[in-house]
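# Structural characterization, general
Letter by letter, the chains look like this.
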Amino acid sequence: MSKVVVIGTGTMGVGIAAGFLASGTNIVMLGRSAEKAAACLESIQLCANSINSEWPKQSPSLQSDTITAWQDWNDVDFVIETVSEQLQLKQDIFTSLDQRVPPHIPIGSNSSGFPISDIAKDLPTAHRMFNAHYFMPAHIVPLVEIVAGQHSDLALAEKLCQFYRDHGKKPVLVKKDIPGFLANRIQHALMREALSLVEEGIATPDDIDTAVRYSFGFRYAAVGPMTQKEISGWEGMTLAAELIYPSLSNITQPPSCVTNLVKSGKTGIAKGAGFKVWPADQAALMKQNYEQRLKAAFEVLKIAPDQE
């Protein structure tokens, strides 16, 4: 049975731990205080139940402690850090882990903003350190980006990808820690164009959602964009690209339609408003629907599974 140490007791840490727990993995949750670490254990179990109610039959252990006190690295297969996005904080934790964790154990950071080359800068065992980037909700979304830094060992990165496959996730290996890694670069390319269309008054946010969900977004649950064009043929795509590419947005800053919302505190459901107003009951329903649809989409991904 595998054993994973998760550092950080926030939403991402809980989701990551739950995903491993649901696959029968022993979990150690480490927080800034023993109280914080212990308080998240029930949430981890509830999240694990939501994706695999049978996990208790494997009897994986679920422990907690403080980041500074934990010293038992026996049988640990992987350590992942999920603390808040503060570079110095992450560097301090990795400096400590570099000295405390046996050198054969890989260490990951869930950071979406800081490359592992910066987090693990100048550390003696930087070769076993990677970004291990999840997407929310971490216990449901299958993807994990394993990103190699300047000194990361690519062979060890491949082994870490296999570790994730063995535990029910879909890892991708990003061989260079470029800004945004892989998925976020593709996502932001789409968002740049979508927000530009809103800014120019060409389409509403609701119509953009509908266009994506019920056209290419609908297809992407079946195959990714590269394979979809293999199916439909690249000749049509290249002809269309010659016409469309010159008119695509190439702005280098987010447009005012979204920056004005952020400045006014309308940052989305959590604040009760974004492009639309979100009363508490509607916000709760949307979150519920979102998770139900994600779980349904996950079942779709199991149909005629890809060959590893």
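Structure's up top.
Scoring rules and cut-offs
- Counting restarts for each chain, with residues numbered from 1 along the sequence as it is written.
- Predicted model: local features are reported for residues with pLDDT of at least 70 only, side-chain atom pairs are reported and counted for 80 or more only, and whole-chain, interface and lining totals are derived from all residues.
- Computation of side-chain values: all heavy atoms of the structure, hydrogens and water removed.
- In this description a helix means any DSSP run of H or I spanning at least four residues, a strand means any run of E spanning at least two, and both kinds are numbered starting from the N terminus.
- Each radius of gyration reported is based on C-alpha atoms, and the globular scaling rule is 2.2 Å times the count of residues to the power 0.38.
- The rule is simple: take the accessible area with a 1.4 Å probe, protein chains only, and divide by the maximum for that residue type; under 20% is buried, over 50% is exposed, in between is partly exposed.
- By definition, residues are in contact when any of their heavy atoms lie within 4.5 Å.
- The protein chains shown are the only cover counted for residues, whose accessible areas, like all others here, come from Shrake-Rupley with a 1.4 Å probe.
- Two residue types count as positive, namely Lys and Arg, and two as negative, namely Asp and Glu; His and chain ends fall outside the count.
- One atom stands in for each charge, and that atom is NZ of Lys, CZ of Arg, CG of Asp or CD of Glu.
- Structural elements are reduced to axes, namely lines fitted to C-alpha atoms, with helices fitted over the stretch in contact, and the angle between N-to-C directions of any two is expressed from 0 to 180 degrees.
- Geometric relationships in this document are graded by angle, where less than 35 degrees denotes roughly parallel, more than 145 denotes roughly antiparallel, 65 to 115 denotes roughly perpendicular, and other angles denote oblique.
- Asp, Glu, Lys and Arg are counted as charged, while Ala, Val, Leu, Ile, Met, Phe, Trp, Tyr, Cys and Pro are counted as nonpolar; the rest, among them Gly, fall into the polar class.
- Pairing between strands is defined by DSSP: at least two bridges between the two strands are required.
- Criterion for a salt bridge: a side-chain nitrogen of Lys or Arg within 4 Å of a carboxyl oxygen of Asp or Glu.
- Each Phe, Tyr or Trp ring, with Trp reduced to its six-membered ring, pairs with another whose centre is within 6.5 Å; inter-plane angles below 30 degrees give stacked pairs, above 60 give edge-to-face pairs, and intermediate values give tilted ones.
- Like charges are joined within 9 Å and nonpolar side chains (Val, Leu, Ile, Met, Phe, Trp, Tyr) within 5 Å, but only among residues with over 30% relative accessible area and no salt bridge; these make up the patches.

## Description of the overall build of the chain
Within the chain, the regular secondary structure consists of 13 helices and eight strands. The globule rule puts the C-alpha radius of gyration for 308 residues at 19 Å, and the 21 Å found for the chain is close to it. Over its C-alpha atoms, taken along the principal directions, the chain stretches across nearly 60 × 45 × 45 Å. Here the chain holds 308 residues, and the buried ones make up 39% of them. Sequence separation of at least 24 residues holds for 65% of the intrachain contacts in the chain that already meet a minimum separation of 6. Surface summary for the chain: the accessible area is close to 17,400 Å², and the carbon and sulfur share equals 57%. Counting 27 positive and 32 negative side-chain charges, the chain places the centres of these two groups 3 Å from one another.

## Some details on the environment of serine 256
Checked against the element boundaries, serine 256 lands in helix α12 (residues 256-263). With relative accessibility at 31%, the residue serine 256 sits in the partly exposed group. Once the C-alpha coordinates of serine 256 and valine 144 are considered, the two residues, 112 residues apart in sequence, prove to be 32 Å apart.

## Remarks on the packing of helix α7 (residues 183-199) against α12
Where α7 contacts α12, the axes come no closer than 8 Å and their chain directions differ by 90°. Comparing their axes, α12 and α7 come out roughly perpendicular. Packed against α7, whose contacting residues are Leu195, Val198 and Glu199, the element α12 presents Ser256, Cys257 and Val258 at the interface. Classifying every residue of the contact of α7 with α12 gives four nonpolar, one polar and one charged.

## Section: the side chain of asparagine 184
Position of asparagine 184 relative to the elements: it lies in helix α7. Those residues in contact with asparagine 184 that sit more than four places away from it in its chain are His133, Phe135 and Glu145.

## Digging into the sheet that holds strand β1 (residues 3-7)
Pairing in this open sheet of eight strands is mixed, and the strands run β3-β2-β1-β4-β5-β6-β7-β8 from one edge to the other. The sheet is open, and its two edges are formed by β3 (62-66) and β8 (170-174), each paired on a single side. Strand-to-strand twist of the sheet, defined as the mean angle between neighbouring strand axes without regard to direction, takes the value 25°. Two strands pair when backbone bridges link them, and β1 and strand β2 (residues 26-31) are joined in this way by five bridges, in the parallel orientation. Along β2, the bridge assignment pairs lysine 3 with asparagine 26.

## Topic: the pattern of salt bridges
Applying the stated criterion across every chain yields a total of five salt bridges. Here lysine 90 and glutamate 81 are joined by a salt bridge, their closest N and O atoms 2.4 Å apart. The class for lysine 90 is buried, based on a relative accessible area of 1%. What makes glutamate 81 buried here is its relative accessible area of 0%. Residues joined in a network through salt bridges with shared partners are Glu81, Glu85 and Lys90.

## Remarks on the packing of aromatic side chains
Two descriptors summarise a pair of aromatic rings, namely the distance from one centre to the other and the angle between the planes of the rings. Going through the model one piece at a time under the given rule, you end up with seven aromatic pairs. A ring pair is formed by phenylalanine 78 and phenylalanine 163, whose centres lie 6.3 Å apart and whose planes are at 65°; its orientation type is edge-to-face. Of this pair, phenylalanine 78 sits in strand β4 (residues 78-81) while phenylalanine 163 sits in helix α6 (residues 154-166); the two residues are 85 residues apart in sequence, bridging distant segments of the chain. Side by side, phenylalanine 78 and phenylalanine 163 carry an identical accessibility label, which is buried.

## Re a nonpolar patch on the surface
Among the surface-exposed residues, Leu243, Ile244, Tyr245 and Leu248 lie close enough to one another that they form a single nonpolar patch of about 420 Å² accessible area. Positionally, leucine 243 belongs in helix α11 (residues 234-244). A relative accessible area of 69% places leucine 243 in the exposed class.

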